[in-house]
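Each chain, letter by letter, is given below.
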Amino acid sequence: MGAYLVASLLLFLGHFAGLIGLHGLLASVALIAIVNLALLAAFKLKFNERFADPALTLAQTLAAITVIMFVAYHFERDRSLVLAWCLVVMLFGVFRFKPRDFGTTTLFMLAGYALVINLLMSLKPDKVDVYIEWYQWAWLALLLPPFAWIGARIGVMRARIMRANAELVNALATIQDMATHDSLTGLHNRASMTDALEHAVNMARRNDEGLAIFFIDLDGFKSVNDTLGHATGDQLLREIAQRLRARVRQSDLVARLGGDEFVVMVETISDRLGLQLLASKLLTAIAEPMQLQGHEVTVTASIGIAVFPDDGIDVSTLLANADMAMYRAKALGHNRATEYSSDLGESVVERFEIEKGLREGLRNDEFRLYYQPKIEFSSGKLLGVEALIRWHHPTLGVLGPDRFIPVAESSNFIIALGNWVIEQACRQASAWQRAGLPHFSIAVNLSTNQLTDPSLAEHVAGALRASGVDPSMLEFEITETAVMKNMAEATALLESLRALGVRLAIDDFGTGYSSLAYLKELPVDVLKVDRAFVKHLPHSRDDLAITRAVIAMAHGLSMTVVAEGVEAQCQFDSLRDEGCDEFQGFYCRPAMQSHDLEALLNRHGLVIPAQT
């Protein structure tokens, strides 16, 4: 409508300039009015919705060209001024037309102006210079095709950009959702649960109210996983999540901590009797039989209850006390709920024994580093290894880090243990150098506590000097959650480590805050895609979109992308096709001791075949 109004004003100016007569002016304005009324009627009557393009862009463009040719016919001279509007009309289709539409428009313009010339020769031979008109037609014939081709290319590029942008927006939205919600059950995850609990405790303190935390652990879940498979176990967890959500109020919080552990938070509690009634409802709901993969499965649960402010005045204390109450429920025979009481604090003695065992284990050389290969997709070569700690306990056997690292972190023994890991990794790298093995990096995990240790960089520098190892052989992996705890302090420490010449990696990306903004601020070389996104590739469209977005984003920031937990050929193929740089996981080899890795390299060299 606005374009036609401008055109009408220009026609009036053309009339005063002697370019078009009064009859031609009135006829042109009338045609403009008719075209606008017709389009208005089409939109009002929703006739346009019958077409693939409800905006009727092509139809409006062809109508505008018809008006231009009508005006050109009525111009007394200088018809090239009118023809310039053809290019303006073409611009309206740049972001909407397909290449075929540009071709149609171009042919319509050329045919229309050829018709105008023939009409002028027949009806107004005294007012037309045939040679000039055909010269202008030829000029249009030369100009319009490349203009249309460029417009078509721009339209195609815009469509691709919009499609890629839509995919990226959806992927980033999914990443943000997975940063706060458990990907399996859709419940709040540990990070968002902690934030919600902090807020709820602050509100309860301000309003002088109580709240309760139910710590729920399923009984017998491991046997379901072992006998019926992980797929059935996942289905069971989803069913339990739905049952818990259905038994509490909309305002109450339900979260999955991981594995078979859940937390329910209930606000504005009135009495403890109500807590036992709710616990009974939850136990009954969980114990109802369910049909999974053709099997009738029944599980029970043990529930520990802690109440604010009686059993703790902060989130960490409440969770710890609810956890202790849950273990008391298990000790009493499962399928029951137990409230926290002060005598449960006797478990602190057991915790002290674990801490004591850690210290003795370090003194007695009971810890070992295992090394998991990191393989380049394109060549199959080993480019590095990740050092993973194991505890060869004298009575409990070989313990994974999940059994003792949380205790080490809470007691801050992780600083001493982490320093030992760094020193041992440097010594091992030096030993491999002296043995003449090829150059490859060793990645060491840093905990949140270590990022707050002001002497970390100095200790790393000392370990490098003592071992004589090239700093580029050492890589540190930091989780995004650890960085976000104290962004400024962590960034300064990472900069000091980077100055030593070591490499830095962000581990488990997507499982914490997933803040994309911080990545470009950190001196990071490597981004590791968490195994949660790899597990269901290539069958999960969401995980595939997320992985594609993370890889594109990391490459845009000049980072190397490493995929964790690759266990199958289909996962390998999918990640390779998406442009991932490196991978680690059982598809190649599990973590192994140094002598086993040396034997593997001596047998195969750097090109390590997949396990069959």
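1. Some details on the sheet that holds strand 1 (residues 211-219)
- Overall, mixed pairing links the 5 strands, which are arranged 2-3-1-6-7 in an open sheet. The open sheet is flanked by strand 2 (253-258) and strand 7 (336-339), the only strands paired with a single partner. Along the sheet, successive strands turn relative to each other by an average axial angle of 20 degrees, direction set aside.
- With 4 bridges joining them, strand 6 (residues 300-308) and strand 7 adopt parallel strand pairing. In the sheet register, Ile305 faces strand 7, and the bridge partner there is Glu339.
- Contacting strand 1, strand 3 (261-267), strand 6 and strand 7, helix 10 (residues 272-287) crosses the sheet at an angle of about 155 degrees to strand 6.

2. Thoughts on helix 13 (residues 401-410)
- Of all the residues in helix 13, the buried ones are Phe404, Ile405, Val407 and Ala408. Buried residues along helix 13 cover an arc of 165 degrees about the axis, so they all sit on one side.

3. Describing unusual backbone geometry
- Cis geometry marks the peptide bond from Phe308 to Pro309, where omega comes out at 5 degrees.
- Among the secondary structure elements, Pro309 is positioned in the loop between strand 6 and helix 11 (315-331).
- Of the consecutive residues Leu537 and Pro538, the connecting peptide bond is found in the cis state with omega at 0 degrees.
- Relative to the elements of secondary structure, Pro538 occurs in the loop between helix 20 (531-534) and helix 21 (541-556).
- Phi is positive for Gln293, which is not a glycine, with a value near 50 degrees.

4. Concerning the environment of Phe440
- Examined against the element boundaries, Phe440 turns out to sit in the loop between helix 14 (414-434) and strand 11 (441-446).
- Classification of Phe440 as buried rests on a relative accessible area of 2%.
- Placed 58 residues apart in sequence, Phe440 and Leu382 show a C-alpha to C-alpha distance of 7.5 Å.
- In contact with Phe440, not counting residues within four places along its chain, are Leu382, Leu383, Gly384, Val385, Trp432, Met473, Leu597 and Leu601.

5. Some details on the nonpolar core
- Grouped together as the largest cluster of nonpolar side chains are 84 residues, with contacts concentrated most on Phe476, Leu497 and Leu597.
- Here this core takes 10 residues from helix 14, the largest share from any one element.
- Discounting chain neighbours no more than four positions away, the residues touching Phe476 are Ile422, Val444, Leu446, Val460, Leu497, Val502, Arg503, Leu504 and Ala505.
- Grouped together as the second largest cluster of nonpolar side chains are 33 residues, Ala212, Phe221, Val299 and Val307 included.

6. Some points on the environment of Ala64
- On the secondary structure map, Ala64 appears in helix 3 (residues 57-74).
- The class for Ala64 is buried, based on a relative accessible area of 14%.
- Remark: the alpha-carbon pair of Ala64 and Arg79, spanning 15 residues in sequence, is separated by 16 Å.

Criteria and cut-off values
Residues numbered from 1 in each chain as written. Predicted model: local features only at pLDDT ≥ 70, side-chain atom pairs only at ≥ 80, totals over all residues. Heavy atoms only, no water. Pairing = 2+ DSSP bridges. Helix = DSSP H or I, 4+ residues; strand = E, 2+ residues; numbered from the N terminus. Axes fitted to C-alpha atoms, helices over the stretch in contact; angles between N-to-C directions. Contact = heavy atoms within 4.5 Å. Buried < 20%, exposed > 50% of the residue type's maximum accessible area, 1.4 Å probe, protein only. Arc of directions from axis to C-beta. Core = buried A, V, L, I, M, F, W, Y, C linked by side-chain atoms within 4.5 Å.

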